[in-house]
Amino acid sequence: MSVEMMKPVPRPGILDIAAYVPGKEHAPGVARVYKLSSNETPLGASPKAIEAFKAAAGNLERYPDGQAHELREAIASVHGLNPANILCGNGSDELLGLLCHVYLGAGDEGIITEHGFLVYKIQIMGAGATPVVVKEKDHTVDVDAILAAVTDKTKIVFIANPGNPTGTYIPVTEIRRLQAGLPKHVVLVLDAAYAEYVRRNDYEAGIEVVSSNANVVMTRTFSKVYGLAALRVGWMYAPAEIIDALNRVRGPFNMNAPAIAAGAAAIRDQPFVQQAVSFNQMWIEKLTSALEGVGLKVTPSVANFVLIHFPDTDGRRAADADEFLTSRGYILRAVRGYGFPNSLRMSVGPEEANRGVIEALGEFMGRKA
Ligand SMILES: Cc1ncc(COP(=O)(O)O)c(C=O)c1O
């Protein structure tokens, strides 16, 4: 027996995966810490969602509803969809993984973009397939580059719209052009984790494109504007055949009961969402102009975070800024792994944190904020 056979060995490729590294949480020795590294909402969850979560604590001995009916129906009624075309997941991350598990195998290719969300690559490789990375243009998804990368082996294409960590988006006309150019058997995944924040007339999260095509799915999350990241609630709107395929392999009780209850209450509280969106819009604009005002470059964002680019000067690079901000209790996200070695991503935080970062970066850049 060879040495390798004396212990369990993962499938080829698994150990080539670089595990996901979440945003930092701690700033050692600093009393007041603001975590601005995971695009969480500063406004918390709707009080109605919190109430529903607490009420669910009374029945913890019971299995949850394996079909998450209450949540699917609430999502369907708010978005005007058929609940049969909705599948909920333990965060949208779970759904991204299930899509790879179901539609990819050894020898297949999945297309992702240069600065795309890292989970796509992890899940493509986890399914034994090969990630094919295409260039973006001005930190924005490039439909022509994606179409040029399609081969006989392509089975899935992932785009985040808006993108993370870029915060840029492509208009629905570009999504339609992408769909029209892909072979009909290729699954196009529109990851719309930040859709609620977008205020642009030419943007659509993807509902209409999913409704009129057999190969397009849209994923959404309750982790951002709904403030339920801790509970792990995501959902997918997809053609019936795709829902059916994923339902066959998912965990039978993949959604826990408090998550189902809180998610349903959260989505019914749309006035709360509107408040969160207005707060975000105001701060995206203020942060962008203030950071530009101190001499930094900021990628224009339609989401709830900004990508800040630092000068290539000793003592002023992203790593220096990261250290400087962390020592003051402001934790931003290093995005080297996303192809931005000299940038940091900052989530819109509470007012005092946003003001604090502006002031600190003004000082860091040697200019008054
Ligand atoms: C583009 C994108 N997709 C998906 C997710 C995952 O969301 P969830 O918390 O629903 O798994 C995130 C979270 O950061 C994200 O940025």
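Basis of the calculations
Within any chain, residue numbers begin from 1 and follow the written order of that chain's sequence. Selection of residues for local features in this predicted model requires a pLDDT of at least 70, selection of side-chain atom pairs for listing and counting requires 80 or more, and totals for whole chains, interfaces and linings are taken over all residues. Values reported for side chains reflect all heavy atoms of the structure, with hydrogen atoms and water molecules removed beforehand. Axes, fitted as lines to C-alpha atoms, cover a helix only where it is in contact. Angles between the N-to-C directions of the axes lie from 0 to 180 degrees. We count a stretch as a helix when DSSP gives it H or I for four or more residues in a row; a strand needs E for two or more, and each element gets its number in order from the N terminus. Each crossing gets its handedness from the near helix: less than a right angle anticlockwise from the far helix is left-handed, clockwise is right-handed. The contact criterion used throughout is that any non-hydrogen atoms of two residues lie within 4.5 Å. Three classes are used, and their members are as follows: Ala, Val, Leu, Ile, Met, Phe, Trp, Tyr, Cys and Pro are nonpolar, Asp, Glu, Lys and Arg are charged, and the others, Gly among them, are polar. Here a strand pair is declared whenever DSSP counts at least two bridges between the two strands. Joining through side-chain atoms within 4.5 Å is the link that ties buried Ala, Val, Leu, Ile, Met, Phe, Trp, Tyr and Cys residues into a set, and such a set is a nonpolar core. Only protein chains enter the calculation, and the probe is 1.4 Å; a residue is then buried if its accessible area is under 20% of its type maximum, exposed if over 50%, and partly exposed in between. Where each domain begins and ends follows an automated or database-derived domain assignment. The term buried area denotes the loss of accessible surface (1.4 Å probe radius) that occurs when two parts are joined, taken as the sum for both partners. Think of a salt bridge as a Lys or Arg side-chain nitrogen and an Asp or Glu carboxyl oxygen that are within 4 Å of each other. Note on definitions. A residue lies near a molecule or strand when any single heavy atom of the residue is within 4 Å of it. Each polar contact in these results corresponds to two N or O atoms within 3.5 Å; when the atoms are within protein, one needs to be able to donate a hydrogen and the other to accept it, and residues that are neighboring in sequence are counted only if both atoms are side-chain atoms. Each accessible area is a Shrake-Rupley result for a 1.4 Å probe, and residues are judged covered by the shown protein chains and nothing else.

Another aspect to go through is the packing of helix 3 (residues 92–103) against helix 4 (residues 118–126). Here helix 3 crosses helix 4 at 35°, and the two axes come no closer than 8 Å. Viewed along their axes, helix 3 and helix 4 form a crossing whose handedness is right-handed. Only V119, Y120, Q123 and I124 of helix 4 make contact with helix 3, whose side of the interface consists of D93, L96, G97 and C100. When the residues that make up the contact of helix 3 with helix 4 are grouped by side-chain class, the tally is five nonpolar, two polar and one charged.

A separate point is the sheet that holds strand 13 (residues 343–347). Strand order in this open sheet of four strands is 9-10-13-12, and the pairing throughout is antiparallel. Here the strands that pair on one side only, and so sit at the sheet edges, are strand 9 (297–299) and strand 12 (333–334). Where strand 10 (residues 305–309) and strand 13 come together, five bridges link them in antiparallel fashion. Opposite H309, over in strand 13, you have S343 as the bridge partner. Contacts from helix 11 (residues 318–327) reach strand 12 and strand 13, with the element oriented near 40° to strand 13.

In this section: the sheet that holds strand 4 (residues 130–134). Taken together, seven strands build an open sheet; the order of strands is 2-8-7-6-5-3-4 and the sheet is mixed. Lying at the two open borders of the sheet, with one neighbouring strand each, are strand 2 (86–89) and strand 4. In this sheet, adjacent strand axes meet at a mean angle of 20° when their direction is disregarded. Summarising the sheet, strand 7 (residues 216–221) and strand 8 (residues 234–237) pair through four bridges and their orientation is antiparallel. Note that in strand 8 the partner of T221 across the bridge is G234.

A few words now on the nonpolar core. In a soluble, globular protein the nonpolar side chains are often hidden away together inside. Grouped together as the largest cluster of nonpolar side chains are 61 residues, with contacts concentrated most on L71, I159, F222 and W235. Considering every element that reaches this core, the biggest residue donor is helix 9 (residues 257–268), with six residues. Shared between two domains, this core holds at least three residues of each, these being domain 1 (3–44 + 271–366) and domain 2 (58–269). When near neighbours in sequence (up to four residues on either side) are disregarded, F222 contacts L71, I75, G227, L228, A229, V233, W235, G263, A266 and I267.

Okay, the domain arrangement of the protein chain next. As far as domains go, the protein chain holds domain 1 (3–44 + 271–366) and domain 2 (58–269). Between the C-alpha centres of domain 1 and domain 2 the distance comes to 23 Å. Summed over both sides, the interface of domain 1 with domain 2 buries roughly 2,800 Å², with 64% coming from carbon and sulfur. Here domain 1 is connected to domain 2 by zero salt bridges. Elements that contribute at least two residues to the side of domain 1 that touches domain 2 include exactly helix 10 (270–293) and strand 10. The biggest single contributor to the side of domain 1 that touches domain 2 is helix 10, with eight residues. Among the residues making up the side of domain 1 that touches domain 2, the classes are represented as 18 nonpolar, 14 polar and three charged.

Around the ligand sit 13 residues in total, of which S92, D191, Y194, T221 and S223 are the nearest. In the environment of the ligand, an oxygen atom lies 2.5 Å from a nitrogen or oxygen atom belonging to the side chain of T221. Separating an oxygen atom of the ligand from a side-chain N or O atom of K224 is a distance of 2.9 Å. Burial of the ligand by the protein amounts to 93% of the accessible area it has alone, namely 400 Å². Class assignment of the residues belonging to the shell around the ligand gives a composition of four nonpolar, five polar and four charged.

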